[in-house]
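What follows is each chain in one-letter form.
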Amino acid sequence: MFRIPSGLAATLTTLLIANPSHADDPLRLAVDIPFEPFEYRLPDGTLTGFEVELGEEVCRRIERECEWVEQGWDGIIPGLLARKYDAIMSSMAITEERRHKVLFSEPYYSNPSVWVTQADHEVDIEDRDALEGLTVGVQRGTIRDNYITDTYGEIVDVRRYDTGEDLALDVRTGRLDTAFMYYPLALSALDVDAEDSNIVTSSPLIREPKSYFGHGVAVAFHPRNETLAEQFNEALHQIKLDGTYDELMHKYVDYDIKI
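So, here's what we can say about the structure. Just so it is clear, the structure is predicted and the values come from calculations on it, not from any experiment.

## Digging into the layout of surface pockets
What the largest pocket holds in volume is close to 390 Å³. Together, 32 residues line the largest pocket, and Ser91, Ala93, Ile143, Arg144 and Tyr182 are the ones closest to its centre. For the lining of the largest pocket, the elements supplying multiple residues, two or more each, are β5 (87–93), α6 (143–152) and α9 (210–213). In terms of residue count, β5 provides more of the lining of the largest pocket than any other element does, 4 residues in total. Among the residues forming the lining of the largest pocket, the class breakdown is 13 nonpolar, 12 polar and 7 charged. Here the second largest pocket is characterised by a volume of approximately 320 Å³. What lines the second largest pocket is a set of 16 residues, among which Glu97, Arg98, Lys101, Gly141 and Asn146 lie closest to the centre. Elements represented by at least two residues in the lining of the second largest pocket include exactly α3 (76–81), α4 (96–99), α6 and α9.

In structure tokens, the structure reads:
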């Protein structure tokens, strides 16, 4: 019986662990849905959005087929580390805490967060005394959840939601005094600040401090999958250079998110 020398076997094992997916296999990208306009389903069930189209373009350029895997946000990093998919492409901000767990691509977009409330309910976020006792909604496990919990958790009642859609519903129906949300979600789900909307922003757009809000949004990979991260970085760089990125951005948002 033929035996592989122990040294060669160890080398092969290392290579398989570092690069578990093969070039002919579909590239499995995890996404938390819905999150308009970045990832969501059309009425016919088709998956679309800025990140979905951007991901498909990356796959085309690195000659891989995309396979989108739906995963709730709470378990999205554990799923990556368990090899349930090859990467996360779902509006994940780069933070120091996450850098200890995953390998990030270069950032490909940046978006702010914002406080929102019903138009007839004034909320002054600069006045901590006025905030005391209010019920504040956030999506569970997000950087906004971390920020509100650490900054205001002792004076407000933090109500956490598994999805941005559930959070938006309770903002719309007045079950919350205020909410701290991803700005694109406030636009798409609540028509915030629109003439016919009863939901308004109650703060400037917030991108600081970076210790909470990160250094832009990036693709997350298993820490050992450096080759795939390099392929993504090169493809994203070319997509930005040749104008494809700008076309996709203007298709889905009317403000600049490029980074």
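## Focus on helix α7 (residues 164–172)
Of the residues making up α7, those classed as buried are Gly164, Leu167, Ala168, Asp170 and Val171. Each buried residue of α7 sits inside an arc of 165° when the element is viewed along its axis, so together they form one side. Structurally, α7 contributes buried residues whose contacts are with β7 (113–118), β8 (135–139), β9 (157–161), β10 (178–182), α8 (183–190) and β11 (199–201). Glycine 174 sits one or two residues past α7 and shows a positive phi near 80°.

## Remarks on the packing of helix α2 (residues 50–61) against helix α11 (residues 244–252)
Two elements in contact, α2 and α11, have axes separated by 9 Å at closest approach and are oriented at 160°. On the basis of their axis angle, the class for α2 and α11 is roughly antiparallel. For the pair α2 and α11, the sense of crossing is right-handed. From α2, Phe50, Glu53, Leu54, Glu57 and Arg61 reach across to α11, where they touch Thr244, Tyr245, Leu248, Met249, Lys251 and Tyr252. Residues that form the contact of α2 with α11 fall into these classes: 6 nonpolar, 1 polar and 4 charged.

## With respect to the pattern of salt bridges
Tallied over the entire structure, the rule returns 13 salt bridges. Between aspartate 74 and arginine 140 there is a salt bridge, with the nearest N and O atoms lying 4.0 Å from each other. One end of the pair, aspartate 74, is in the loop between β4 (66–70) and α3; the other, arginine 140, is in the loop between β8 and α6, and 66 residues separate them in sequence. We classify aspartate 74 as partly exposed; its relative accessible area is 48%. For arginine 140, a relative accessible area of 31% puts it in the partly exposed group. Between lysine 258 and aspartate 246 there is a salt bridge; the shortest N-O distance is 3.3 Å.

Rules used throughout
Residues numbered from 1 in each chain as written. Predicted model: local features only at pLDDT ≥ 70, side-chain atom pairs only at ≥ 80, totals over all residues. Heavy atoms only, no water. 1 Å grid on protein atoms, 1.4 Å probe; cavity = no way out; pocket = protein on both sides within 12 Å on 5 of 7 lines; lining within 4 Å. Points joined across faces, edges and corners; volume = space filled by probe spheres on them. Helix = DSSP H or I, 4+ residues; strand = E, 2+ residues; numbered from the N terminus. Nonpolar A, V, L, I, M, F, W, Y, C, P; charged D, E, K, R; others polar. Buried < 20%, exposed > 50% of the residue type's maximum accessible area, 1.4 Å probe, protein only. Arc of directions from axis to C-beta. Contact = heavy atoms within 4.5 Å. Axes fitted to C-alpha atoms, helices over the stretch in contact; angles between N-to-C directions. Parallel < 35°, antiparallel > 145°, perpendicular 65-115°, else oblique. Left-handed = near helix turned anticlockwise from the far one by under 90°. Salt bridge = Lys/Arg side-chain N within 4 Å of Asp/Glu carboxyl O.

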